[in-house]
Structures are given as C-alpha cells and as structure tokens.
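# Structural overview
So the chains spell out like this:
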Amino acid sequence: MDIQTLRARHPDHWMRATAIRTLTLDAVAAANSGHSGMPMGMADVATVLFSNHLKFDASAPRWADRDRFILSAGHGSMLIYSLLYLTGYADVTLDQIKAFRQWGAITAGHPEFGHVSGVETTTGPLGQGISNAVGFAIAEENLRARWGAKIQDHFTYVIAGDGCLMEGVSQEAIGLAGKLQLSRLIVLWDDNGITIDGKVSLSDITDQKARFAASGWDVFECDGHDPEDIDRAITAAKASARPAMIACKTHIAIGHAAQDTSKGHGALTDKAQLEAAKAAYGWNHGPFDVPADVKTWWEGVGRKGAEARAAWQERLAALSPAKQAEFARIFAGEAPAKLGNVIRTLKKQAVADAPKLATRSASEKVLQVVNPVMPETMGGSADLTGSNNTKTADLGVFSAEDRKGRYVYYGIREHGMAAAMNGMALHGGVRPYSGTFMAFTDYARPSMRLSALMGIPVVYVMTHDSIGLGEDGPTHQPVEHLAISRATPNTLVFRPADLVETAECWEVALQQTATPSVLALSRQNLPTVRKTHTNQNLSAKGAYVLAEATGKRQVILMATGSEVEIALKARDMLEAEGIGTRVVSMPSMELFAQQDEAWRKKVLPGGPVRIAIEAGVRQGWDRWLLGERGRDTKADFVGMSSFGASAPYDRLYKEFGITAEAAVAKAKALL
C-alpha cells in the first residue's frame, strides 16, 4: 500500500507511528548524523507491538516479569528512543531526544544498557541483539520452570535487520534457539532489502525464511506497514510452540526521497527533503513537536502494564518471606551468604590434602560446592564439557524437555554462547558461566567485549590456557590471549596456580555485580602451592607474597598459574646459592592494580631485581616488572615471544625456555 492508502485506512495508527518517524528525522537532522531509515520503516511494526502486545510499565522499567524488547538493529536507535519518550519513560525526555548523539546525553548513537531505562542490552555490533535474545529466552524458560508462571511468564521480542542476519553469530543463536524450542522468542525481521552498500542482493542470496524454518523456527510474514496484518502475525507467533520469525516487508525511509535506497539507511539531513517527507505524511508540526492527542495516547500505552505489574507484585508478595528474599537476591545479582563458607571449607581441605591436579579440574571441584548453594548458576560449554569441567552432577541439562536444567550444551558456538550468556545475565535471576579453550576467546571476543562494556558479571571458563596443553599445537595454544583479555577495560582476568587459588578466584568472580571474569585454567596437573590455610581470600588482593626470602631480598620472582610452580623451584635454586628470593603469585593483575599503593609496595618493593614468569607474551607485565614509574628496577621476562608447537607439554616448556633454570640465569645476570 502507498502512504495515502495507509493514511486513509488507518488514520489514527498512521499519526501515532509517524510520531516515531518525525522524531527520528528531527533528531538525526539536529545531530547531523545517525541512521534514519530503519526507524522510519519499522515504525508501524513497533507501534503495533508496543500498543497491542508488549507487556511493560514505563514507570517501572526493571519490573522482573516485563516482556523484553531488544533492538538488535541498534543503529536505528531513534526507534527505541522515540518509543521510550512517547510512552513516558522518565529519563528519556524531549531534551534527551534533542541531544541525540551529543556529549552527556543518554541517547547515544547506539543504545547502551545501563544508560537508558528500557534499553535491555547494548546493540549496534550487528547480530549481538538477536543472539543476546536467545539468552533472555533461556533465562525466562528456566525461571518460569523454577518459580512458576505466576512469577515469570513473558516474551522476548527482537527487531533485527538484514545486517543482523548476515553476521555469523546470528546463525549460532538461531540454531541454538531452534534446538531448545524457545517458544517465547519472537524475531521481527525488517525485510527492506537494503544495506549500506546497496541492495541486499549485492552480497547475499539467502532465503531467510527457509533458513529460520530449517533451524527449527516457525516463520510468519506480514506487510510491515499494515497494522492489522502486523497484529495478525504477532498474534500467531505468540501462539507458536517454537521460536518465531516474522518477515515484515517494509520500505526503508518510507515517504522520503531516499526510500528504498542505500542512502535511506543513513543520516537523512537535507532540510527540503525532510519537509517534503513530513508533508507526505500529513504531519504539519514543527521540529520535535508531537501533537498532544498523539502524545497522550502513547503515554496511555506506557501505563497499560501498570495493572499487570500490580497483580504480579501481589503474587510475589504471596510467597513466603524466604522465597521473596531469595527472588530479590538473585535479581540483584548478589552472592548468597553460604558462598564464603563453602569456599573456606574447600580451601582448608585443599591445603590438608595438597592434591596435584589441573586448575580446570580444580575449577570443577569448586563448582561442585558452589552450584548447590547458588541455584541461579547456569553452566555450559561449547562442545568441550569434559575438557572444561563445567558440568556438575546436580545441574541437570536445560532442554526442551527439562526447563529446570541448569547446564546448556551450546555446541560449537563460542560466539553465540558468549552472547547468550550476556542475555541471560541481563535478563536477571540467572548467573551464567561457560567454557571453551582459551585460544577460542578469539571466537567469543566481540561478546566478551560487550560483557565488559555493559558491566555484567558473566564468567568465562577458559581452559587449556598455554603451551601446557601440549600436542594439539599452536592452533590451540594461546600465547597472546591473556594480554588481550587483560587489555579489555572492566574485565577481571584470573590465572590461579592451584585448587586454593582457584576457589578464591571463583569466589571473587561470583561476587561481582558489574564486571565479567575470565578464568584461565591449565590442562596439565599442578601441585598445591598454598601450604597454609587462611580464611582470608589472598587472591582478592590480586597478588601476594607466596614465599619469602630467607636472607637479604635480592630477587622477586612473579608468576601466575602453572608458572608459579616454576618460580618456586627457581627460588629454591637461588636461595641455595645464598640469593634471597621472594615469590609473588599474581592471579589477577587487575585486582592488584586496584589495591592501595601501600599494598602494592609491600608486595613489590623497590630494590630487588624482578623476573616475571608466564607462558604467554610479555605484554601487560612491564608495569609490574619495571615499577609503576617505569624506572624502579632491573627486570626481565621468562615467557613466550612466538607461537607454540606440537609436542608433550614438558618438552615445550624446555624448548621455549620457560624453566626454573632460565629464570635463575636471568636473575643472576641482572644482579
């Protein structure tokens, strides 16, 4: 249908949807940047979704049983900002709309979680939103099974574009959702046939409807500008027993001179063309001016969910006080009081038994005591369950048949797994962790970065953390991955040396509320290096003195993980020659950097030469080697400067010079 027919058939709807279009045009023009076309094209779909289907209350943006709306095509951010302003979200004022993309405004170029009420996840990197949504849907299914439909019973809706569906992570997510039959997940595909370069046909011939169907989804279609047809399709999708995709046929930048062109994707700032588009819409109002009757109607949409929220609060209040407190705790992301007790008990037993085991196995032992006291944990692995040691006997498997299961078999989908975990954490009530090999952080990296950017406490269990994995060779041996992870802002990287440190690192990771964690764990067995039990969590300090010099301190050896054992052997050799040597275990550089100067100087005083030992590249170590002013001491590094090789791990350590003898030689050369 053309615009005139649409206006004539659905005049009220047309004006309400056009408020989104004109706010978009005005905001992008004022900013002189942005993406106008998608909000203009999907305004009708969004209007029907928000007014007829989405369960939400604008006055309570974090209501735990709201439907989740995710704008996967985050470049079209003015769509969600317009909706939030129109429906009455308190923080999205007209001044914020006018300040779109400007310094200090919450209306950033792409929607950012934590900055704007009503934005469920940070989107913009295409494919992330639809992949996060799978995690949202997993969390909803699991919580509904555990708490009952009276407490958790809602849908996750996604608006995704062609770009989202071209990104490879989307197929990882779509395949997982189809396998798990996540029937509360509905994707509204903006089928406009246009990308930045031109028509989609320039680069893609995928039959998207067949693709979704082949992945276990139910597929629907609608005219994305006809409100009755849109409503019909969403109603049918909600009744589906499988995840649903609705192909919404739309015109990008509808009504503008750039309609159905690649130019329509971006910033439409020409004043004459803007005014012509508004005239075609029948919109006779100034910039940022929404008629009172239209704004009042939209605000009514924003209030519609208040009654449902009040009824939900009554149902929640009918639970026992203990259950209410538990529900509040898990949605606040707080660790239970029992966590500290089970960690301390495990540490004490570890010191007594002094086992020799890989830290990946140590991690499993920690999870065996943690998972029973933290019912909100959900584990998983990217087809490496037996290698990552992430599944404990009490979890059960999350599946279409068992929604109470707490372990997800993600398959070979590292990126999709990480994105889904982000969605689970953002949904609330679930504390996700999952594993793969450390080298495959490369595959998960974009979602790991977004974990940090959004400030969500996902835990990444990354095993086989060095050349110590041995025969699989350099393709699987991470050398730069610790440095990459440490270089990421707002990320805690842990590399524990034994079971005691592994327990402490897990405790810190599970206490985070706004920071993701990476646990780098060994394949090879390691001795227990912590010989004395203490209730204090020493790893929480980031670094601490593990072994002190017996005479005058001349050397400080720093190490992490599997190389702490090497540092201790080197210390024995140096001490035997009368060279006083301290060993510092540094399970987390980030936590050490957060300590006060007094602690850092106590652990790493000036004077002695310093040697760092780690089976990775040097990058990131110089702050601690050279002193925080970069000139405090003589120092050297024992580690990797190349890729690894295929051989048994003990041979590799010898060939690459990561040995106690090498550390001793470098220390003596500096003295």
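Residues numbered from 1 in each chain as written. Predicted model: local features only at pLDDT ≥ 70, side-chain atom pairs only at ≥ 80, totals over all residues. Heavy atoms only, no water.

## Observations concerning the sheet that holds strand β8 (residues 431-437)
Spatially, the 6 strands line up as an open sheet ordered β7-β6-β8-β9-β11-β10, and their pairing is parallel. Each edge of the open sheet is held by one strand with a lone partner, namely β7 (407-409) and β10 (492-494). Strand-to-strand twist in this sheet, taken as the mean axis angle between neighbours without regard to direction, amounts to 20 degrees. Bridging between strand β6 (residues 377-381) and β8 involves 3 bridges; their strand directions are parallel. Across the sheet, T377 pairs through a bridge with R431, a residue of β8. (Pairing = 2+ DSSP bridges. Helix = DSSP H or I, 4+ residues; strand = E, 2+ residues; numbered from the N terminus. Axes fitted to C-alpha atoms, helices over the stretch in contact; angles between N-to-C directions.)

## Side note on the side chain of H464
Its location among the elements puts H464 in the loop between β9 (459-463) and α20 (481-487). Judged by relative accessible area, which is 4%, H464 ranks as buried. Not counting chain neighbours up to four residues away, the residues in contact with H464 comprise R360, S387, F437, M438, L469, H476, P478, L521, S522 and R523. (Buried < 20%, exposed > 50% of the residue type's maximum accessible area, 1.4 Å probe, protein only. Contact = heavy atoms within 4.5 Å.)

## Digging into the packing of aromatic side chains
For the coordinates displayed, the defined rule picks out 18 aromatic pairs. Ring geometry for W147 and F327: centres 5.1 Å apart, planes at 80 degrees, overall edge-to-face. Remark: F327 occurs in helix α14 (residues 321-332) and W147 occurs in helix α6 (residues 128-147); sequence separation between them is 180 residues. What makes F327 buried here is its relative accessible area of 4%. With a centroid separation of 5.0 Å and 75 degrees between ring planes, the pair formed by W297 and W298 is classed as edge-to-face. Here the aromatic residues W63, W147, W312, F327 and F331 are joined through ring pairs into a cluster of three or more. The ring of Y281 has R21 sitting right over it, with the charged end atom 6.0 Å from the ring centre. Its end group placed over the ring of F155, R184 keeps NZ or CZ at 5.1 Å from the ring centre. (Phe/Tyr/Trp six-rings, centres within 6.5 Å; stacked < 30°, edge-to-face > 60°. Lys NZ or Arg CZ within 6 Å of the ring centre and 35° of its normal.)

## What to know about unusual backbone geometry
Unlike most non-glycine residues, D260 shows phi in positive territory, near 65 degrees. You can see D260 is positioned in the loop between β5 (244-249) and α11 (271-281). Phi is positive for N389, which is not a glycine, with a value near 60 degrees. When you line up the elements, N389 lands in the loop between α17 (385-388) and β7. Using a relative accessible area of 10% as the deciding quantity, one classes N389 as buried.

## Some words on the packing of α6 against α14
Across the interface, α6 lies against α14 with an axial gap of 13 Å and an inter-helix angle of 170 degrees. When the interaxial angle is binned, α6 and α14 end up roughly antiparallel. Of the residues in α14, those in contact with L143, R146 and W147 of α6 are K323, E326, F327, I330 and F331. Partitioned by chemical class, the residues of the contact of α6 with α14 number 5 nonpolar, no polar and 3 charged. (Parallel < 35°, antiparallel > 145°, perpendicular 65-115°, else oblique. Nonpolar A, V, L, I, M, F, W, Y, C, P; charged D, E, K, R; others polar.)

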